Amino acid sequence: MIGHVYNRVRLCPDFSDVYVATNDSQIIDYITSIGGKCVVIEESRISATDRVAEAVRKIESEKKTIYDLAVLIQPDEPMITPELIGRAISPLVMDENLKMTTLMSEITDDKIFYDRNEIKVVVDTQNNALYFSREPIPTDSRSMKFPRMKLVGIDVFRRSFLNKFNIMLSTPLELAEGIDLIRIIENGVKIKMTLTDQATFSVNHPEELPLVEKLMQEEGYLLKKYMK
């Protein structure tokens, strides 16, 4: 699955470099065997965004360069596409005041809405994130029905902001929910959410693998670009 994500990300023309950040020797050996790049990070890093900040520092030091943007892509999104990544990046390119952006998609399945592995989000009228939760939000206990949105695993950071995030202390709601993006909101920084109607299926449970494998085969066109 990590191989599929990595190969699909490499097809995106917006990136100058793509790395897998890990400390797992098995993953390092595999990615190296397919011609990929890895950066070794500390095992003690719990937050995904903290791990990305560490990875970027190490890559920049090694290559003696500074990047404009850093994009965190979760390894359980094997149906990710270059177009989806480009959509996540575009708000930061168009608005220099934005610190970070990420994607959301509408939830149409109650199973996903109640799955604690799927992170839900509610936004304001400008599509800035108000809150993230593993619980069902907004409530469906009232007669009114609101759009239900989930987080898609692509987070885009302006490099200068990633440095600031890395020195922020973990916050109470972040720890309660187990979602590091909440740290940003609790520190008063806006997260611009971009809606996508492209179907995405993350793999949170082993029983979801057959469905995703079937959908990937039906999609076909990206597989042909990197599978031999």
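Residues numbered from 1 in each chain as written. Predicted model: local features only at pLDDT ≥ 70, side-chain atom pairs only at ≥ 80, totals over all residues. Heavy atoms only, no water.

## Brief notes about the layout of surface pockets
Consideration 1: There is about 460 Å³ of room inside the second largest pocket.
Consideration 2: In terms of lining residues, the second largest pocket is bounded by 22 residues, among which Asp109, Ile112, Lys150, Thr200 and Phe201 are the most central.
Consideration 3: Per-class residue counts for the lining of the second largest pocket are seven nonpolar, six polar and nine charged. (1 Å grid on protein atoms, 1.4 Å probe; cavity = no way out; pocket = protein on both sides within 12 Å on 5 of 7 lines; lining within 4 Å. Points joined across faces, edges and corners; volume = space filled by probe spheres on them. Nonpolar A, V, L, I, M, F, W, Y, C, P; charged D, E, K, R; others polar.)

## Details of the pairing of strand 5 (residues 120-123)
Consideration 1: In terms of strand pairing, strand 5 meets strand 6 (residues 129-133) through four bridges, oriented antiparallel. Residue pairing in the sheet places Val121 in a bridge with Phe132 of strand 6.
Consideration 2: With two bridges connecting them, strand 5 and strand 7 (residues 149-158) associate as antiparallel partners. Each bridged residue has a counterpart across the sheet, and for Val121 the counterpart in strand 7 is Met149. (Pairing = 2+ DSSP bridges. Helix = DSSP H or I, 4+ residues; strand = E, 2+ residues; numbered from the N terminus.)

## What to know about the pattern of salt bridges
A pair can form between side chains of opposite charge whenever their charged atoms are brought close.
Consideration 1: Counted according to the given criterion, the structure contains 11 salt bridges.
Consideration 2: Between Lys63 and Asp17 there is a salt bridge, with the nearest N and O atoms lying 2.7 Å from each other. Highlighted residues: Lys63 in helix 3 (residues 48-63) and Asp17 in the loop between helix 1 (2-10) and strand 1 (20-22), separated in sequence by 46 residues.
Consideration 3: Across the salt bridge formed by Glu218 and Lys214, the nearest N and O atoms sit 2.5 Å from each other. With a gap of four residues between them, Glu218 and Lys214 both fall in helix 9 (residues 209-219), about one helical turn apart.
Consideration 4: A single network of salt bridges, built from pairs that share partners, joins Asp17, Lys37 and Lys63. (Salt bridge = Lys/Arg side-chain N within 4 Å of Asp/Glu carboxyl O.)

## Things to note about empty space enclosed by the protein
Consideration 1: Scanning the model with the defined rule gives one cavity of 30 Å³ or more in all.
Consideration 2: Considering only enclosed or pocket space, the largest cavity measures out at about 30 Å³ in volume.
Consideration 3: Lining of the largest cavity is provided by Glu77, Met79, Ile80, Leu84, Val152, Ile154, Thr200 and Phe201.
Consideration 4: A breakdown of the residues in the lining of the largest cavity according to their chemical character gives six nonpolar, one polar and one charged.

## Side note on the nonpolar core
Consideration 1: Of all hydrophobic cores here, the largest spans 26 residues; its most connected members are Phe132, Phe157, Leu181, Ile184, Ile191 and Met193.
Consideration 2: A per-element tally of this core places helix 3 first, with four residues.
Consideration 3: With residues near it in sequence (within four places) discarded, Phe157 still touches Thr49, Asp68, Leu69, Ala70, Leu72, Leu92, Lys99, Met100, Leu162, Leu181 and Ile184. (Core = buried A, V, L, I, M, F, W, Y, C linked by side-chain atoms within 4.5 Å. Buried < 20%, exposed > 50% of the residue type's maximum accessible area, 1.4 Å probe, protein only. Contact = heavy atoms within 4.5 Å.)

## Description of the state of the cysteines
Consideration 1: Scanning the model with the defined rule gives zero disulfides in all.
Consideration 2: Unpaired in terms of disulfides, Cys12 finds its nearest cysteine sulfur in Cys38, a separation of 19 Å. (Disulfide = S-S within 2.5 Å.)

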